[in-house]
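Examination of the molecular architecture
Listed here are the chains, written in short residue letters.
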Amino acid sequence: MSDLLNISDEHLRELEDEAIFVMREVAAQFDKKVILFSGGKDSITLTHIARKAFWPARMPFSLLHIDTGHNFGETLEFRDALAAGLGVELIVKYVQDTIDQGSVVEETGINASRNKAQSVTLLDAIEELKIDAAVGGARRDEEKARAKERFFSHRNEFGQWDPKSQRPELWNIFNGHKNFGEHFRVFPLSNWTELDIWQYIRNEKIKLPSLYYTHRRKIFRRNNVYLAWAPFMKLKHSETVFEEDVRCRTIGDITCTGITISKASTADEVIAEIAATRITERGGRYDDMRSDTSMEDRKKEGYF
């Protein structure tokens, strides 16, 4: 256990150096690049590394956030404050606009979520803004579909991903060649784990939304997953809202973000909790339970 709690500084420096190298490759090879910013710990860590990669110059990335309209208020407040503090452009695109335009039909019913609709909003934003590189904080240890990604993940002119036709990346040579209308998703944190992220957050003293630490919140239980309650969410007759001390391991749309019952109020306590758990980080993501291939299907369609 002690080895898990004390990941070496050398290991973290190697991961940081790799991520910085990838970020600088993006800056060199692409014209219009953005960081896909969710307000979660991985995208915050990625933004922190991007700042270090180009310091003292301003990092050459805008922050792009796809707002479902069902985000945690704490996430939005943190997002705005971080962008203002860094002095970088914050671009926000709204799923509600995509729904109003008729590009997607909003789900209805007990399990309705806007999570899948984000893909359409994101692809529209990439086309509108002529983005050729969208940098994300996904990690290979999160989920089996993400484990198939390269650092430079090619997307065709429709924004779709073909996991069987990915380019080799021998000796860390990244091929950013693309045709008109195509783009790349880039994942500098590919070789990081959840424990690496938290150890780095602790060492670098990176600020996070309060959601990541224990706090009191109204929740309910559905299909063995705890979900945060919000006024727009519909409940089954058998479901009851109650208050508990909880925290989030991963943050997204309220309707699909699993909640962890926890007393961890510091980074050290979170690290210890993660090291002891047998549940994966995305094990509490309600949207991943829709099918065994839900993440891969969504990624092929243009998801993060």
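See the structure printed just above.
These lines cover the structure that appears in this document, whether it is placed above or below. These numbers were taken from a predicted model, which means no experiment stands behind them.

**Concerning the pairing of strand 2 (residues 62–67)**
- Burial runs high along strand 2: 6 of the 6 residues are buried.
- Neither face of strand 2 is exposed, since Ser 62, Leu 64 and Ile 66 on one face and Leu 63, His 65 and Asp 67 on the opposite face are all buried.
- Sheet topology note: the strand 1 (residues 33–36)/strand 2 ladder contains 3 bridges and is parallel. Residue Val 34 lies in a different strand from strand 2, and its bridge partner there is Ser 62.
- Taking the sense of rotation as the criterion, the β-α-β connection linking strand 1, helix 3 (residues 41–54) and strand 2 turns out right-handed.
- Where strand 2 lies against strand 3 (residues 90–94), 5 bridges are found, and the strand directions are parallel. In the strand pairing of strand 3, Leu 63 is matched with Leu 90.
- Regarding the hand of the β-α-β motif, the stretch spanning strand 2, helix 4 (residues 73–86) and strand 3 is right-handed.

**Comments concerning unusual backbone geometry**
- Residue Pro 56 follows Trp 55 across a cis peptide bond; omega there is 10°.
- Summarising the element assignment, Pro 56 is placed in the loop between helix 3 and strand 2.
- Not every positive phi belongs to a glycine, and Lys 130 is a case in point at roughly 55°.
- For Lys 130, a relative accessible area of 66% gives the class exposed.
- Look at Asn 224: it is not a glycine, yet its phi comes out positive at around 70°.
- Within the element layout of this structure, Asn 224 appears in the loop between strand 7 (215–222) and strand 8 (225–228).

**A word on the packing of helix 3 against helix 7 (residues 194–204)**
- The interhelical angle for the contact between helix 3 and helix 7, taken along N-to-C directions, is 55°, at an axis separation of 11 Å. What the angle tells us is that helix 3 and helix 7 run oblique. The two elements helix 3 and helix 7 meet at a crossing, and its hand is left-handed. Facing helix 3, whose interface residues are Lys 41, Asp 42, Thr 45, His 48, Ile 49 and Lys 52, helix 7 presents Glu 194, Ile 197, Trp 198, Tyr 200, Ile 201 and Glu 204.
- Per-class residue counts for the contact of helix 3 with helix 7 are 5 nonpolar, 2 polar and 5 charged.

What counts and what doesn't
- Residues numbered from 1 in each chain as written.
- Predicted model: local features only at pLDDT ≥ 70, side-chain atom pairs only at ≥ 80, totals over all residues.
- Heavy atoms only, no water.
- Buried < 20%, exposed > 50% of the residue type's maximum accessible area, 1.4 Å probe, protein only.
- Helix = DSSP H or I, 4+ residues; strand = E, 2+ residues; numbered from the N terminus.
- Pairing = 2+ DSSP bridges.
- Right-handed = clockwise from strand over helix to strand, strands pointing away.
- Axes fitted to C-alpha atoms, helices over the stretch in contact; angles between N-to-C directions.
- Parallel < 35°, antiparallel > 145°, perpendicular 65-115°, else oblique.
- Left-handed = near helix turned anticlockwise from the far one by under 90°.
- Contact = heavy atoms within 4.5 Å.
- Nonpolar A, V, L, I, M, F, W, Y, C, P; charged D, E, K, R; others polar.

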